[in-house]
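Commentary on secondary and tertiary structure
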Amino acid sequence: MIETIQVPSNEKNRGYQSIAGEEVFLEKISEISTQTVARLSTGQDELDRVLGGGLVVGAVVLIGGDPGIGKSTLLLQCVDAMQRQGISTLYMTGEESNSQIALRAKRLRLNNSQVSVLSEICVEKIIAYLEKIKPQIIVLDSIQTVYSEDISASPGSVTQVRECAQMLTRYCKTHNITLILIGHVTKEGTLAGPKILEHTVDTVLYFEGDGNSSFRLIRAIKNRFGAVNEVGVFAMTDKGLRQVNNPSALFLSHHSTPVSGTCILVTIEGTRPMLVEIQALVDEGGASPRRLSVGLERDRLAMLLAVLHRHAGVAFFDKDVFVNAVGGVRISEPAADLAVLLAIYSSLRERPLPSGVVVFGEVGLAGEVRPAPRGLERCREASKLGFSRAIIPKANQPKQAIEGMQIFPVERLEQAIGVIKDLW
Ligand code: TYD
Ligand code: MG
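Residues numbered from 1 in each chain as written. Chains lettered and ligands numbered in written order. Predicted model: local features only at pLDDT ≥ 70, side-chain atom pairs only at ≥ 80, totals over all residues. Heavy atoms only, no water.

Another aspect to go through is the site of ligand 1. Not every one of the 16 residues close to ligand 1 is listed here, only the nearest: Gly68, Ser72, Thr73, Thr237 and Gly240. The backbone of Gly70 places a nitrogen or oxygen atom 3.0 Å from an oxygen atom of ligand 1. At 2.7 Å from an oxygen atom of ligand 1 is found a main-chain nitrogen or oxygen belonging to Gly240. Of all the elements in the fold, those that place two or more residues in the shell around ligand 1 are α2 (71-84), α3 (98-107) and β12 (231-237). In terms of residue count, the dominant contributor to the shell around ligand 1 is α2 (3 residues). (Near = heavy atom within 4 Å. Polar contact = N/O pair within 3.5 Å; in protein donor to acceptor, adjacent residues only side chain to side chain. Helix = DSSP H or I, 4+ residues; strand = E, 2+ residues; numbered from the N terminus.)

Put into structure tokens, the structure is as follows:
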């Protein structure tokens with residue numbers, strides 16, 4: 001439909017006068033032509049899955065993570081794989097020299113790599129070069145190093161990061177170029193870090209993992225072209241990142257004899273169930289006992305301890321309580337509650353939980369055990385990995401039996417502790 005704007009003649013000095021007489025194109029949603037988005041494979045199935053089935057042509061993707069986690073390594077591996085599929089790629093670096101990139105490529109055994117490298121940090125120049133080179137995919141390593149000549153703030157500041165990202169996004173969107181921005185999570189928190197860009201880009205991925213473990217998780221926090229909270233699992237090796245295709249048993253530490261203070265949780269990461277070992281240590285504390293958690297929320301821990309006290313009569317007034325999710329994995333779902341509490345209980349009683357047990361379920365303030373999403377899948381995965389007993393919320397009780405798996409449905413925290421005592 002074409003409409004012409006009529007501006008009354010007595011309306012003078014108004015901003016919208018400038019478009020008087022211009023044609024406006026309005027489209028009805030149903031009449032807008034849509035195309036299924038074209039996707040490119042990054043050469044890494046795990047990353048493709050997190051992206052929702054590959055990199056969408058023309059999308060802007062932000063990859064955030066702590067320094068040293070492996071962002072540059074992963075992206076170099078990806079652009080090389082895509083270049084080998086015949087896609088023209090450009091790796092822009094403001095952090096490292098070209099020879100450092102070449103050394104990394106050598107270490108990654110990317111023989112005879114045809115990826116172009118450009119070290120430039122002025123965004124106006126970068127856009128001028130893009131105009132000439134016309135690549136299909138670009139990686140900018142990192143967004144914190146670039147600056148615009150029009151802004152007096154220093155590179156890495158909020159204004160620079162935001163403006164540069166917007167200029168590049170605008171350019172890439174109009175030219176159908178896929179843009180991958182690397183952003184460091186700054187130590188001071190989120191200021192000037194990837195957080196301020198989350199709303200401008202199509203997809204936000206975060207790289208997680210702890211420095212002591214070789215495993216790395218990539219998680220989609222926002223995705224206009226796929227599901228969020230999907231995770232991909234990688235292992236950092238001496239030849240770069242290698243994807244882990246069957247990660248459900250990754251976050252278990254295999255003890256030769258059962259130890260107290262551990263409980264196996266079946267959690268859902270994105271679309272798949274994973275088993276994670278939750279460890280707890282209850283120790284004599286001083287006048288102000290500590291509550292610490294790694295990979296789990298600390299406020300939630302304090303709440304769970306209060307529930308344990310009130311509804312199961314187990315008090316921790318003078319005790320330190322530490323909990324940890326093995327392997328540097330971060331767990332945010334409340335379905336971890338019951339496993340955390342049973343790990344704590346086991347540590348307190350200094351007795352290992354009965355063998356072959358897995359647990360999941362949210363615990364409410366009234367001591368009730370609430371259902372978790374997709375309980376059946378969780379039980380099936382645990383059974384597949386050889387676990388034989390599951391303490392789960394009553395509402396998640398499977399309708400049919402699961403082979404080799406004894407189910408203990410519970411409605412309250414006290415019942416769950418009762419099950420443990422009966423099995424002991
Ligand atoms: P890097 O990709 O530079 O991290 P980021 O860009 O996120 O800052 O990777 C950093 C770490 O990875 C570094 O400590 C060395 C290690 N690494 C390996 O273990 N194997 C490898 O093949 C490569 C290239 C790096
Ligand atoms: Mg880097």
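Okay, the pattern of salt bridges next. The final tally for this structure, using the stated rule, is 17 salt bridges. With a closest N to O distance of 3.8 Å, Glu362 and Arg300 form a salt bridge. Here Arg300 lies in helix α6 (residues 298-312) and Glu362 lies in strand β19 (residues 362-363), a separation of 62 residues in the sequence. Ionic pairing is found between Glu368 and Arg370, a salt bridge with its closest N-O pair at 2.9 Å. (Salt bridge = Lys/Arg side-chain N within 4 Å of Asp/Glu carboxyl O.)

Further remarks concern the pairing of strand β14 (residues 262-269). By the criterion of burial, β14 is predominantly enclosed, with 8 of the 8 residues buried. Pairing of β14 with strand β15 (residues 272-284), which is carried by 8 bridges, proceeds in the antiparallel orientation. The residue of β15 that forms the bridge with Cys263 is Ile278. Linking β14 to β15, which pair antiparallel, is a turn of 2 residues; within it Gly270 sits at a positive phi near 65°. Examined bridge by bridge, β14 and strand β18 (residues 357-359) share 2 bridges and lie parallel to one another. From the neighbouring strand, Ile264 faces β18, where its bridge partner is Val358. (Buried < 20%, exposed > 50% of the residue type's maximum accessible area, 1.4 Å probe, protein only. Pairing = 2+ DSSP bridges.)

Let us look at the packing of aromatic side chains. Inspection of every chain in the model, using the stated rule, returns 1 aromatic pair. For the pair Tyr345 and Trp424, a centre-to-centre distance of 6.1 Å together with 15° between the ring planes defines the contact as stacked. Remark: Trp424 occurs in the segment after α9 (413-423) and Tyr345 occurs in helix α7 (residues 337-349); sequence separation between them is 79 residues. Sitting over the face of the ring of Phe360, Arg378 holds its NZ or CZ atom 5.2 Å from the ring centroid. (Phe/Tyr/Trp six-rings, centres within 6.5 Å; stacked < 30°, edge-to-face > 60°. Lys NZ or Arg CZ within 6 Å of the ring centre and 35° of its normal.)

So, on to the sheet that holds strand β21 (residues 389-393). Read across the open sheet, the 7 strands follow the order β16-β17-β15-β14-β18-β21-β22; overall the sheet is mixed. The sheet terminates laterally at β16 (291-294) and β22 (406-410), the two strands that pair on one side only. Averaged over all pairs of adjacent strands, the angle between their axes in this sheet comes to 25°, without regard to strand direction. Here α6 sits on the sheet in contact with β16 and β17 (319-325), set at roughly 130° to β16. Contacts from α7 reach β14, β15, β17, β18, β21 and β22, with the element oriented near 35° to β15. (Axes fitted to C-alpha atoms, helices over the stretch in contact; angles between N-to-C directions. Contact = heavy atoms within 4.5 Å.)

Counting residues in each nonpolar core, the largest one holds 64 residues, and the members touching the most others are Ile278, Phe316, Leu338, Leu342, Ile344, Val358 and Ile391. Counting residues per element, this core draws most heavily on α7, which supplies 9 residues. Looking at which domains feed residues into this core, each of domain 2 (39-245) and domain 3 (262-423) gives three or more. The residues touching Ile278, leaving out its near neighbours within four places in the chain, are Gly261, Thr262, Cys263, Leu265, Leu296, Asn324, Ala325, Ile331, Ala339, Val340 and Ala343. (Core = buried A, V, L, I, M, F, W, Y, C linked by side-chain atoms within 4.5 Å. Domains from an automatic or database assignment.)

Let's shift gears to unusual backbone geometry. Note the cis peptide between Asp141 and Ser142, where omega equals 0°. Although it is not a glycine, Asn112 adopts a positive phi angle of roughly 55°. If you trace the backbone, Asn112 turns up in the loop between α3 and β7 (116-118).

Taken as a whole and judged by the stated rule, the model has 3 cavities of 30 Å³ or more. Each pocket or cavity is described by its volume, and for the largest cavity that value is around 100 Å³. Residue lining of the largest cavity: 14 residues in total, with Leu296, Glu297, Arg300, Asp337 and Val340 positioned closest to the centre. Broken down by secondary-structure element, the contributors of at least two residues to the lining of the largest cavity are α6 and α7. Among the elements that take part in the lining of the largest cavity, α6 stands out by supplying 3 residues, more than any other. (1 Å grid on protein atoms, 1.4 Å probe; cavity = no way out; pocket = protein on both sides within 12 Å on 5 of 7 lines; lining within 4 Å. Points joined across faces, edges and corners; volume = space filled by probe spheres on them.)

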